[in-house]
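Spelled out, the chains give:
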Amino acid sequence: MIVLDKTYQKGEHPGVIAIDHGLCKGCDACKRHCPTGAITGMFGAVHSIDITSCINCGQCLVNCPFGAPYELVDPVDDVISKLKDKNITVAGIIAPAVRVAIGEEFGLPAGKLATKKMYGAMRKAGFEILDNNFAADLTIMEEGTEFIQRVRHALFNEESEHGHIGPLPQFTSCCPAWVRFVELYYPALLPNLSTAKSPQQMAGAVAKTYGAMHVWNKAPEKIFTVGIMPCTAKKFEASRPEFNSAYQYLAKEGKAGAGSSYPDVDAVLTTRDLSTVLKKMNIDLAHEKETDGGTLLAEYTGAGTIFGNTGGVMEAALRTAHKVLTGEEMKPLEFKKVRGFKGVKTVSVPLTDKKYGKKVTVNVAVVNGLRGNIKPVLDDVVQGRSPYHFIEVMNCPGGCVNGGGQPIQKNGSSWLEAAMPWFAWK
Ligand code: SF4
Ligand code: SF4
Ligand code: SF4
């Protein structure tokens, strides 16, 4: 039985992964993928997860050779029943990394981009499409603007209309496993996290406000939002009690509808879960017609698309920062130095802040794979000797493409080891 733990708020899922003791062989493989040491048990004995220190990333689940870890939160049947309810509009919020992985569940080659087939299959199942790339674009405008405000405060003592937002370096905040890691292990650095919500949570709030009013013409309480994510931690994120901002906003406006508060995101399906939903509804994604998304909420830029990879959030933020500070688009637009699977990537970007007529060199770092990589970076920040102004952190090695909710590979994440020698057998 899962016991409510003091590291979870009331209402949150207190852990989303557990280990089936009937299947566990005590082989220890999961331990070398766990970023927090949350897995207990001697070699050869059954293992368990200490939910107090678990950050819900699911890396143990996708890397266990015996299929022993399992998800505690399974919304598949609930989502299917909502899809069949004609009074409800079900908005599927599709994360960038899902579209390159879902095909594998239907026999398409690994890595095949299946965006339009996904749209077709999901619309056939009854989903309305809210592409999370749309919300990733919103996130980056928020996060990029916030970064500029923090830089201008630090360098030029400028106060934004919201006052002083927080110190440098600014950390990205779109990975919920990383956010929980900071809360549990480096709480002194919470002010450094961007105040921007993740794309999933922005999308949920947009669906129940703008989407309800202007796209689907439906009462907000009749919109059922479903995150379609490469990630198990997103199930935890959606359950956080503070993420009911659509309800809070609509209640102030007197438009929240009857009944009690509702969350911005009602349910989260992993890539594996979505394939189960479609299979249960006899929909074969591989043979579905390709369609478009159908609404404005499925439009997006290339910046939103690259969120699924390590370095993508930083690259998108740098484009925004460059445009706002210098008044010109970054050329070339691609920022290849923050791409690739290296665990910690760093780069300095010289810019001129036109408003102040001063040169500014922005030092950025991109960290993927918390295990083995994050501690020295954070310890430098705590000690006040970090050279960085902006740090992107993604829990999973390689970013969300390798998330804990993705299709399970026979060799776990070992395919990454050639590209990431630091990752092998740590
Ligand atoms: S990897 Fe799987 S089988 Fe091995 S100890 Fe972990 S949960 Fe048990
Ligand atoms: S979900 Fe992540 S943090 Fe929790 S036990 Fe598994 S690997 Fe460790
Ligand atoms: S890196 Fe992506 S998939 Fe992994 S925990 Fe973070 S948000 Fe989820």
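Quick caveat, the model's predicted, so the values are computed rather than measured.

Draft legend 1. Layout of the overall build of the protein. Helix and strand counts for the protein stand at 12 helices and 12 strands. Taken over the C-alpha trace, the protein has a radius of gyration of 21 Å; the compact-globule value for 426 residues is 22 Å, and the two agree within 12%. Judged by the C-alpha coordinates and their principal axes, the protein covers about 60 × 55 × 40 Å. The buried share of the protein, reckoned over its 426 residues, is 49%. A separation of at least 24 residues holds for 74% of the contacts in the protein among residues at least 6 apart in sequence.

Draft legend 2. A look at the packing of helix H4 (residues 132-156) against helix H6 (residues 199-215). In contact at an axis separation of 8 Å, H4 and H6 are set at 105° when each is read in the N-to-C sense. Relative to H6, the element H4 lies roughly perpendicular. Every residue of H6 that contacts H4 at Asn132, Ala135, Ala136, Leu138 and Thr139 is listed here: Pro199, Gln200, Met202, Ala203 and Val206. Partitioning the contact of H4 with H6 into residue classes produces seven nonpolar, three polar and no charged.

Draft legend 3. Layout of helix H11 (residues 312-326). Relative to the 21 Å expected for 15 residues at 1.5 Å per residue, H11 spans 21 Å between its end C-alpha atoms, a close match to the ideal helical length. Counting buried residues in H11 gives 12 out of 15 residues, a clear majority hidden from the surface. Two residues or fewer past H11, Gly327 is found with a positive phi of approximately 85°.

Draft legend 4. Quick peek at H6. With 17 residues, H6 should reach 24 Å at 1.5 Å per residue; the first-to-last C-alpha distance of 19 Å falls well below that figure. Of all the bends in H6, the greatest measures close to 40° and is centred on Ala207. Burial of H6 is extensive: 13 of the 17 residues sit out of reach of the surface. Count one or two residues on from H6 and you reach Asn217, which has phi positive near 50°.

Draft legend 5. Examining the site of ligand 2 more closely. Taken together, 15 residues are adjacent to ligand 2, and Cys34, Ala38, Cys54, Cys57 and Cys60 come closest. Split into classes, the residues belonging to the shell around ligand 2 amount to 10 nonpolar, five polar and no charged.

Draft legend 6. Here's a closer look at the site of ligand 1. Near ligand 1 there are 13 residues, and of these Cys24, Cys27, Ala29, Cys30 and Cys64 occur at the shortest range. Its residues placed into classes, the shell around ligand 1 shows nine nonpolar, two polar and two charged.

Draft legend 7. The arrangement of the pairing of strand E11 (residues 358-368) in detail. Examined bridge by bridge, strand E10 (residues 344-353) and E11 share 10 bridges and lie antiparallel to one another. Residue pairing in the sheet places Val349 in a bridge with Val362 of E11. Hairpin connection, E10 to E11: the antiparallel pair is bridged by four residues, and Gly357 has positive phi, about 60°. Here E11 runs beside strand E12 (residues 390-394); their pairing, made up of five bridges, is parallel. Residue pairing across strands places Val364 opposite Phe390, the latter belonging to E12.

Draft legend 8. Molecular detail of the domain arrangement of the protein. For the protein, the assigned domains are domain 1 (17-71), domain 2 (76-134 + 198-300) and domain 3 (139-194 + 303-423). Here the C-alpha centre of domain 3 lies 29 Å away from the C-alpha centre of domain 1. Looking at the side of domain 1 that touches domain 3 residue by residue, the classes come out as five nonpolar, seven polar and no charged.

Draft legend 9. Quick look at the sheet that holds strand E6 (residues 127-131). Pairing in this open sheet of four strands is parallel, and the strands run E6-E5-E8-E9 from one edge to the other. In this open sheet, the two strands that pair with only one neighbour each are E6 and strand E9 (267-270). Going from strand to strand, the sheet's axes swing by 30° on average, the running direction of each strand aside. For strand E8 (residues 223-229) and E9, the ladder comprises four bridges, and the chain directions are parallel. Considered in E9, the bridge of Ile228 is made with Leu269. The sheet contacts of helix H2 (residues 76-84) involve strand E5 (89-94), E6, E8 and E9, and relative to E9 the element is tilted by about 115°. Across the sheet, H4 touches E5 and E6, and the angle it forms with E6 is around 30°.

Draft legend 10. Region of interest: unusual backbone geometry. Of note, the bond from Leu168 into Pro169 is cis; its omega dihedral lies within 30 degrees of zero at -5°. Its identity is not glycine, yet Asn217 carries a phi of approximately 50°, on the positive side. Take Asn217: it is sitting in the loop between H6 and E8. Of note, the phi angle at Asn282 is positive, near 55°, even though the residue is not glycine. With respect to the helices, strands and loops of the structure, Asn282 is situated in the loop between helix H9 (271-280) and helix H10 (302-305). We classify Asn282 as exposed; it has 8 C-beta atoms within 10 Å.

Draft legend 11. Spatial organisation of the sheet that holds E10. Here four strands make up an open sheet; going across it, the order is E7-E12-E11-E10 and the pairing mixed. With partners counted over all chains shown, the strands left at the sheet margins are strand E7 (170-171) and E10, one partner each. The pairing of E7 with E12 spans two bridges and is parallel. In the strand pairing of E12, Gln170 is matched with Phe390. In this fold H11 packs onto E10, E11 and E12, with an angle of close to 10° to the strand it touches most, E10. Helix H12 (residues 374-382) contacts E10, E11 and E12 of the sheet and is inclined by roughly 140° relative to E11.

Procedures and definitions
Residues numbered from 1 in each chain as written. Chains lettered and ligands numbered in written order. Predicted model: local features only at pLDDT ≥ 70, side-chain atom pairs only at ≥ 80, totals over all residues. Helix = DSSP H or I, 4+ residues; strand = E, 2+ residues; numbered from the N terminus. Rg over C-alpha atoms; globule rule 2.2 N^0.38 Å. Buried ≥ 20, exposed ≤ 12 C-beta atoms within 10 Å, placed from the backbone. Contact = placed C-beta atoms within 7 Å. Axes fitted to C-alpha atoms, helices over the stretch in contact; angles between N-to-C directions. Parallel < 35°, antiparallel > 145°, perpendicular 65-115°, else oblique. Nonpolar A, V, L, I, M, F, W, Y, C, P; charged D, E, K, R; others polar. Expected span 1.5 Å × (residues − 1). Bend = angle between axes of the 7 residues up to and from the residue. Near = placed C-beta within 6 Å. Pairing = 2+ DSSP bridges. Domains from an automatic or database assignment.

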